[in-house]
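# Structure at a glance
Each chain, written out:
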Amino acid sequence: MKFRDQKRLLSWILAADFALAAGLFSVGYSELLCGRKQKPGTAEIAEASALEEMPEPKVVSLTFDDGPNKEYTALLLDGLKERGVKASFFLLGKSLEGEEELVRRMASEGHLIGVHGMDHKDLTKMDATEALKEVETARELIFEITGKMPQYMRPPYGKWSGELSEGVSMEPVFWDVDSIDWKLQNISRIVSKVLKDTEDGDIILMHDEFSTSVEAAFEIIDNLQARGYTFVTVDELSID
Ligand code: NI
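All of these numbers come straight from a predicted model, not from anything done at the bench.

The next thing to look at is the nonpolar core. Burial of nonpolar side chains together is a common tendency in soluble globular proteins. The biggest cluster of nonpolar side chains holds 47 residues, and the ones touching the most others in it are F89 and M206. In terms of residue count, the dominant contributor to this core is helix α9 (residues 211-226) (7 residues). With near-sequence residues (within four places) excluded, F89 lies in contact with F64, T73, L76, L77, L80, M106, H111, L112, I113, G114 and D208. Counting 8 residues, the second largest nonpolar core, distinct from the first, contains F90, L112, V234 and L237.

In structure tokens form, the structure reads like this:
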């Protein structure tokens, strides 16, 4: 094909495209004017412009310490599943025996499982070797149950030191919002404390060992989801 012919073909294609686009536009436009039912094309355009107006997505991370709990963890998992929420659990090694199924369920439902030590001891008050053992034993026990080695830990009482950072190969995870649920043990007080303090990107500390904590967590989720928050596990947040 000669160059001139190619040029002619190209201009013909462009003209045809233009005519098609104009035709589609006028169909959409006239439907809007007449108030007729919109065709998918117009609906898609409307949806795209609605997306542009949506605010930036906000994320938050719910964390539960001191479990697994025989009485309340399963209830919590049911509610999280119902709401499509993934949370992070920092487990105590001493509570694992007999709760293996519960821990496997946690993992299979997409929650992050981290370490909270064997026996909830303040790691900064132990010698380094002992502290390391406290953490690594719990880590190994979780690995035996889930087949997955935990990469995150929450130091009991949030107590941490430079020496521990050097010895422990897991990432310590602290929190931005303390629900003080263990102290309040009152659903509405826990909910209002957390909602007052929570901002985009925050980590919320709770404990799945009280019915009030579980109920409060559901209310917190429903409220924050309605305000556009998405719940992610701590590994999905950028931790500084
Ligand atoms: Ni704790």
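The subject of this paragraph is the coordination of the nickel ion. Distances from the nickel ion to its protein donors, D66 (OD), H116 (NE2) and H120 (NE2), fall within 2.0 to 2.2 Å. Each donor residue of the nickel ion lies on the same chain, and together they follow the pattern D-x49-H-x3-H. On the criterion of sequence distance, the pair formed by D66 in strand β1 (residues 58-67) and H120 in the loop between β3 (112-115) and α5 (128-146) is long-range, its members being 54 residues apart. With respect to burial, D66 and H120 carry one shared label: buried.

This part covers the environment of L184. Its location among the elements puts L184 in helix α7 (residues 181-184). Along the sequence, L184 and S213 sit 29 residues apart, while their C-alpha atoms lie 9.3 Å from each other. Residues in contact with L184, not counting those within four places in the same chain, are S179, R189 and I190.

How each quantity is defined
- Chains are numbered independently. Their residues run from 1 in the order of the written sequence.
- Per-residue local features are limited, in this predicted model, to residues with pLDDT of at least 70; the limit for side-chain atom pairs, both in listing and counting, is 80 or more; totals at the level of whole chains, interfaces and linings are taken over all residues.
- Each side-chain value is derived from all of the structure's non-hydrogen atoms; neither hydrogens nor water enter the calculation.
- Grouping buried Ala, Val, Leu, Ile, Met, Phe, Trp, Tyr and Cys residues that are joined through side-chain atoms within 4.5 Å yields what is termed a nonpolar core.
- Burial classes: relative accessible area under 20% of the type maximum marks a residue as buried, over 50% as exposed, and values in between as partly exposed (1.4 Å probe, protein chains only).
- A run of H or I in DSSP counts as a helix once it spans at least four residues, and a run of E counts as a strand once it spans at least two, with each numbered from the N terminus.
- In this description, contact between two residues means that some pair of their heavy atoms is separated by no more than 4.5 Å.
- The rule for donors is simple: N, O or S, within 2.8 Å of the metal, or within 3.2 Å if the metal is Na, K or Ca. Water isn't counted, so a site may look like it is missing partners.

Any functional reading would require information that these geometric values do not contain.
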